[in-house]
Structure formats: structure tokens, C-alpha cells
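One letter stands for each residue in the lines below.
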Amino acid sequence: MKLIPVKDYDEMSRVGAEEILELVKENPKAVLGLATGSTPTGLYRNLIEDHKTNKTSYKEVTTFNLDEYIGLDGDHPQSYRFFMNEQLFHAIDIPEHQTHIPNGMAEDMDEECQRYEALIKEKGGIDLQLLGIGVNGHIGFNEPGTPFDSRTHVVPLTESTREANSRFFNSMDEVPTHAVTMGIQTILEAKKIVLLASGASKQEAMRRLLLEGQSTDFPASSLKNHPNVVIIADQEALKGTGFEGSEVKEI
Ligand code: PGA
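Residues numbered from 1 in each chain as written. Predicted model: local features only at pLDDT ≥ 70, side-chain atom pairs only at ≥ 80, totals over all residues. Heavy atoms only, no water.

**Student:** Looking at this structure, I do not really get empty space enclosed by the protein. What am I missing?
**Tutor:** It is the rolling of a water-molecule-sized probe over the atoms that shows where space remains empty. Under the defined criterion, the tally for this structure stands at two cavities of 30 Å³ or more. Reported here for the largest cavity is a volume of approximately 40 Å³. Leu32, Leu34, Leu47, Tyr58, Val61, Thr63, Leu88, Ile92 and Ile94 together form the lining of the largest cavity. Residue composition of the lining of the largest cavity, grouped by class: eight nonpolar, one polar and no charged. Estimated volume of the second largest cavity: approximately 30 Å³. In terms of lining, the second largest cavity is formed by Phe141, Glu143, Val155, Pro156, Leu157, Thr158 and Thr161. A class-by-class count of the residues in the lining of the second largest cavity yields four nonpolar, two polar and one charged. (1 Å grid on protein atoms, 1.4 Å probe; cavity = no way out; pocket = protein on both sides within 12 Å on 5 of 7 lines; lining within 4 Å. Points joined across faces, edges and corners; volume = space filled by probe spheres on them. Nonpolar A, V, L, I, M, F, W, Y, C, P; charged D, E, K, R; others polar.)

So this is what it looks like as C-alpha cells:
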């Protein structure tokens, strides 16, 4: 894994955006794996800014998102489809039919999981997968204990996740109980993985990722099996790991 230490959230967002821009300029038909959450929004703002000023085009790009809530349709403000439309897709020139997110409204979720896997294969696989990291090391909705060979699957949300998310809904009853996520193996099949981490809340996750071995207790440690991982982490997130500073390192 290559670690790129950066100063702060803004620099992480800029350097992360450069990884994507470099790929899209070299291959206008790139297949991007995208993520939701507060971590990548700054990176998306950089892509939008670049699209406006430098006219980088996404007309032939295909995207696959990591996950989606079950039971929310794309018009629901808490759905990840809504998030992606607002944060990126509607501000660049990507045709909506080339943007893929698991369908959390599908009648048969097993079939939906298989469809999603097959579609990724049909498009030639993901060239670059963007990831955030959970405080507990989750990637996508793959929580601790998820097998490293898992593929797109349905996961029950933990009560603490539901409670944390309940502030965005009118009542606890409206908070989804399940989500659908790419599996760890699905993520590992991406040709390149770019993981972003910013802020003090990610210190423990960075410490475990950079200093400890592999364990299903810590899903992000599965990335150690992958030949092309870039971690872009800011000084706050790296505090206490021994990797603070500015030197790029292979770990
Ligand atoms: P965050 O979430 O970007 O909102 O911190 C990251 C994650 O849980 O994967």
C-alpha cells in the first residue's frame, strides 16, 4: 500500500481528485467505483470545479457505487442515489444511465446483487475504486466479521448505525433496517483502490490499517492483499501512527 500523507481535508480532496482526473484523461471510458459519506464530498467538489474550468468530460465514463439503503428510492434525500446526483452526477456531463448504484427497491434482492456483480464484469471491471473508512474499519457496508471473499450482498444495519442515522429521518421507524453493499472481494477486484481518511475520528482506524496485520475484525485490512492501493490521509488522521509528515511511503 502506498501512503500519501497530506496536510488537511482540502489537500486530501485535491490529491484524491487528481488520481481520478489522471485516469479519466488517460482513459475517457474509465470505470470508476464511487463512495458516499462526508469524506469524498470535497473530492467531488474538485471534480466539479475542474469540469467547469478545464472541461474534463465524463460522457463515456461508467460509475458503480459501493452501496445503497434498502427500501429508499432514488428521490429520497437520504438515499445514496440522491446523494450522488446532488454531490456529483448532476454537476458533470455523465449520462445518468452510465451511473450505477445497487437498487435498494428491487423486489428480489438476491437477484439484484447478482445483476450488480454481472454488470461490473460486463463493463470490464472497476479501474479505480474510491473508499472511505469507518471508525471500525468498515469499507462500504462491510462491517467487522464480513468474510474477505464476500460479494455484493444484503446487510442488516446495526442498531448504533440506525440510531446515528435517525437524525436524518422523521422517526426511527423510517430508518432503513438493511442495506446492500459490494462485498470485500468485489472491492478487491478493482484494478486500483484509493482510500481517503481525514480527521481525528479516523486515527484508530489508520493505526490499525497501517500497523496491524490482517483480520476480518477489521475489514479494511483486506486491502493489504491488493497490489495497487493508495491511502491519502491527513495529519489529524495519521496522528499517533508514526507516519505523520509528508513523505510518501510504501507500507
Ligand atoms: P464518512 O464515512 O466519510 O462519513 O466518515 C466513511 C465510512 O463510513 O465509510
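**Student:** Would you mind showing me how to read the layout of surface pockets here?
**Tutor:** Taken as a whole, the largest pocket encloses approximately 820 Å³ of empty space. Contributing to the lining of the largest pocket are 31 residues, with Thr36, Gly37, Ser38, Tyr80 and His138 lying nearest its centre.

**Student:** Would you explain the sheet that holds strand S6 (residues 128-131) in this entry?
**Tutor:** Adjacent strands of a sheet form backbone hydrogen bonds with each other and so pair up, either parallel or antiparallel. With mixed pairing, eight strands are arranged side by side in an open sheet as S5-S3-S2-S6-S9-S10-S1-S11. A strand with exactly one partner marks an edge of an open sheet, and here the two such strands are strand S5 (99-100) and strand S11 (249-250). Here strand S2 (residues 31-34) pairs with strand S3 (residues 62-65) via four bridges, running parallel. Opposite glycine 33, over in S3, you have phenylalanine 64 as the bridge partner. Most of the contacts of helix H4 (residues 109-122) go to S3, to which it runs at about 150°, and overall it touches S3 and S5. Of the strands in this sheet, strand S1 (2-6), strand S9 (192-197) and strand S10 (229-234) touch helix H7 (residues 203-211), which is tilted by about 145° from S10. (Pairing = 2+ DSSP bridges. Helix = DSSP H or I, 4+ residues; strand = E, 2+ residues; numbered from the N terminus. Contact = heavy atoms within 4.5 Å. Axes fitted to C-alpha atoms, helices over the stretch in contact; angles between N-to-C directions.)

**Student:** Teacher, can you tell me more about the site of the ligand here?
**Tutor:** Looking at the ligand, the residues that line it are Gly37, Ser38, Thr39, Gly132, Ile133, Gly134, His138 and Lys202. Within the side chain of threonine 39, one N or O atom sits 2.5 Å away from an oxygen atom of the ligand. Histidine 138 has a polar side-chain atom sitting 2.6 Å from an oxygen atom of the ligand. Computed on the free molecule, the ligand has an accessible area of 280 Å², of which 72% lies beneath the protein chains in the complex. Residues of the shell around the ligand, tallied by class, amount to one nonpolar, six polar and one charged. (Near = heavy atom within 4 Å. Polar contact = N/O pair within 3.5 Å; in protein donor to acceptor, adjacent residues only side chain to side chain. Areas by Shrake-Rupley, 256 points an atom, 1.4 Å probe, with all protein chains shown as cover.)

**Student:** Teacher, can you tell me more about the sheet that holds strand S7 (residues 153-156) here?
**Tutor:** Taking strand neighbours across the sheet as the criterion, the three strands line up as S4-S8-S7 in an open arrangement whose pairing is antiparallel. Each having just a single partner strand, strand S4 (67-69) and S7 make up the two edges of the open sheet. Averaged over all pairs of adjacent strands, the angle between their axes in this sheet comes to 25°, without regard to strand direction. With four bridges joining them, S7 and strand S8 (residues 178-181) adopt antiparallel strand pairing.

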